[in-house]
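Okay, here's what each chain looks like letter by letter:
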Amino acid sequence: MRISDAIARLKTDRRAAGLAVGGLCFALAFGMNGLDAVNNLVTNLVSEPALAFDGTASPSTAALTTSDGLRSGHFQDGKNSALTALQYAAEQGQPVAQWKLGRMYAEGDGVPRDDLRAFNYFSQIANSHPDEVPGTAQARFVANAFVALGHYYLTGIPNSKVTADPMRGRNMLSYAATYFGDADAQYELGRLYLGDKPSDPHQAARWFQLAASKGQCRAEAALGDMLFQGKTVPRQAARGLMWLTLSKDCAGSDEAWIKPLYDSAFQRANDDERTMALVYLEDWMKGRRD
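Residues numbered from 1 in each chain as written. Predicted model: local features only at pLDDT ≥ 70, side-chain atom pairs only at ≥ 80, totals over all residues. Heavy atoms only, no water.

Draft legend 1. Quick peek at the packing of aromatic side chains. As enumerated under the stated definition, the model contains 12 aromatic pairs in all. Consider the rings of Phe-119 and Tyr-152, whose centres lie 6.1 Å apart with planes at 80 degrees: the pair is edge-to-face. Pair noted here: Phe-119 is in helix 7 (residues 115-128) and Tyr-152 is in helix 8 (residues 137-155), with a separation of 33 residues, a long-range link. Accessibility expressed as a relative area gives 6% for Phe-119, which makes it buried. Its relative accessible area of 11% is what places Tyr-152 among the buried residues. Consider the rings of Phe-119 and Tyr-153, whose centres lie 5.5 Å apart with planes at 80 degrees: the pair is edge-to-face. (Phe/Tyr/Trp six-rings, centres within 6.5 Å; stacked < 30°, edge-to-face > 60°. Helix = DSSP H or I, 4+ residues; strand = E, 2+ residues; numbered from the N terminus. Buried < 20%, exposed > 50% of the residue type's maximum accessible area, 1.4 Å probe, protein only.)

Draft legend 2. The arrangement of the packing of helix 8 against helix 9 (residues 166-178) in detail. In the contact formed by helix 8 and helix 9, the axes pass within 7 Å of each other and the chain directions differ by 165 degrees. Looking at the two axes, helix 8 sits roughly antiparallel to helix 9. Pair helix 8 / helix 9 crosses with left-handed handedness. The residues of helix 9 that touch helix 8, namely those facing Ala-143, Phe-146, Val-147, Leu-149, Gly-150, Tyr-153 and Leu-154, are Pro-166, Arg-168, Gly-169, Arg-170, Met-172, Leu-173, Tyr-175 and Ala-176. (Axes fitted to C-alpha atoms, helices over the stretch in contact; angles between N-to-C directions. Parallel < 35°, antiparallel > 145°, perpendicular 65-115°, else oblique. Left-handed = near helix turned anticlockwise from the far one by under 90°. Contact = heavy atoms within 4.5 Å.)

Draft legend 3. View of unusual backbone geometry. Cis rather than trans, the peptide bond between Lys-197 and Pro-198 has omega equal to 0 degrees. Along the chain, the position of Pro-198 falls in the loop between helix 10 (183-195) and helix 11 (201-212). Of note in this structure, Asn-159 is not a glycine but carries a positive phi near 55 degrees. One can find Asn-159 in the loop between helix 8 and helix 9.

Draft legend 4. Structural context of helix 11. For helix 11, which comprises 12 residues, the first-to-last C-alpha distance of 16 Å matches the rise-based estimate of 16 Å (1.5 Å per residue) to within 8%. Of the residues making up helix 11, those classed as buried are Pro-201, Ala-204, Ala-205, Trp-207, Phe-208, Ala-211 and Ala-212. The buried residues of helix 11 occupy an angular sector of 165 degrees when the element is viewed end-on, so they sit on one face. (Expected span 1.5 Å × (residues − 1). Arc of directions from axis to C-beta.)

Draft legend 5. Seen up close, the nonpolar core. Core analysis: the biggest nonpolar cluster contains 40 residues, and Leu-101, Phe-119, Phe-122, Phe-146 and Tyr-152 have the highest contact counts within it. When residues of this core are traced back to their parent elements, those giving at least two are helix 5 (79-91), helix 6 (95-107), helix 7, helix 8, helix 9 and helix 10. Ranked by residues supplied to this core, first place goes to helix 8 with 11 residues. With 19 residues, the next largest nonpolar core counts Ala-204, Ala-212, Leu-223 and Val-233 among its residues. (Core = buried A, V, L, I, M, F, W, Y, C linked by side-chain atoms within 4.5 Å.)

Below, the structure is given as structure tokens:
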């Protein structure tokens, strides 16, 4: 659906305001959440012999170069050969392979879940590439590794040397949020500020705003709910409804909590608030196009 078609439909049927924007996130450069974007990037990088990720290995010590290990041909022989290739590339210091293995062990994707092994892979990335130039393809993997480490330090890993260290976890997230401008880290910082005792909703809204401006779906929902409710920050119902509309349109299967927030806000909003939300939405989409 073209953006103009979605906007026209919204104008003709206000009661279907949120439902009429299916496909709008496709037009947003950052419509998918951070992790999905990185997963797509991994797929592209691993399937192509990109020179930026080519490594070197001495023929006398290895028959398979790092770059060969990341090429698609070696991933067509089955999971075992794919895992072997990833492990080899990771041992050679390739952050893409280290990140992929970290995600696999963290999620139990094709391997037994092992949070400590995942933690170790993410730590290798963070220790070796903390000053990666922000905005580069590789920086996205590094930033995500810092986010993963932040989560591990916040909760700790049972039966391991990694104990809960909330301050260190917060520092990991802060580094990813500030140095790399990572939207997932910014969203997580917002959640921490809301959960603090006492909470700091204004700081939370600030971090949600930064993440939402990049299309981080959960941040859009959190910010929209805060603004619509107006319980902890000054109420801006129309602005909140706009953010909730955007978040509902890009919510994935693991974000089922977003739609009820949107439905509740839309039902409670009056006609003027819905109309103004539409104006804000049109301006937002225009800014994305420009």
